[in-house]
Amino acid sequence: QLQEVYGLDSAVINRLEKKYFVNPDFKPRKIVLNQATEKELSRHPYIKYPLAKAITIYRFQHGNFNALEDVKKIALVDETFYTKILPYLSLNP
């Protein structure tokens with residue numbers, strides 16, 4: 001994710017990676033896909049408002065997501081983005 005920060009030099013990234021680490025037991029806070037509002041979804045740094053709206057519209061039209069993979073049925077979500085966002089999604093609270 002450091003590489004996604006605009007303007008962050010690769011030398012700085014290398015120094016940060018040597019000095020800091022992520023605890024192996026770390027688990028990111030999950031978004032409950034079947035309950036989250038547009039506002040809650042769009043608070044996530046990877047989910048922009050148009051996608052948050054598309055997720056809630058999809059849920060309204062088709063009912064709750066039965067599997068996380070169902071997110072890929074939304075036109076704004078490709079395989080690369082799905083892989084990126086998957087660790088942050090959940091179907092259950």
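Residues numbered from 1 in each chain as written. Predicted model: local features only at pLDDT ≥ 70, side-chain atom pairs only at ≥ 80, totals over all residues. Heavy atoms only, no water.

Colleague: How should the side chain of Asp70 be read in this particular structure?
Modeller: Along the chain, Asp70 turns up in the loop between helix H3 (49-62) and helix H4 (79-85). The class for Asp70 is buried, based on a relative accessible area of 12%. (Helix = DSSP H or I, 4+ residues; strand = E, 2+ residues; numbered from the N terminus. Buried < 20%, exposed > 50% of the residue type's maximum accessible area, 1.4 Å probe, protein only.)

Colleague: Looking at this structure, I do not really get the environment of Lys53. What am I missing?
Modeller: Checked against the element boundaries, Lys53 lands in helix H3. In sequence terms Lys53 and Leu41 are 12 residues apart; their C-alpha atoms lie 8.6 Å from each other.

Colleague: For this particular structure, what's the right way to read the environment of Glu17?
Modeller: Considering the arrangement of structural elements, one finds Glu17 in helix H1 (residues 10-19). By relative accessible area, which is 47% here, Glu17 ends up partly exposed. Placed 15 residues apart in sequence, Glu17 and Leu2 show a C-alpha to C-alpha distance of 9.0 Å.

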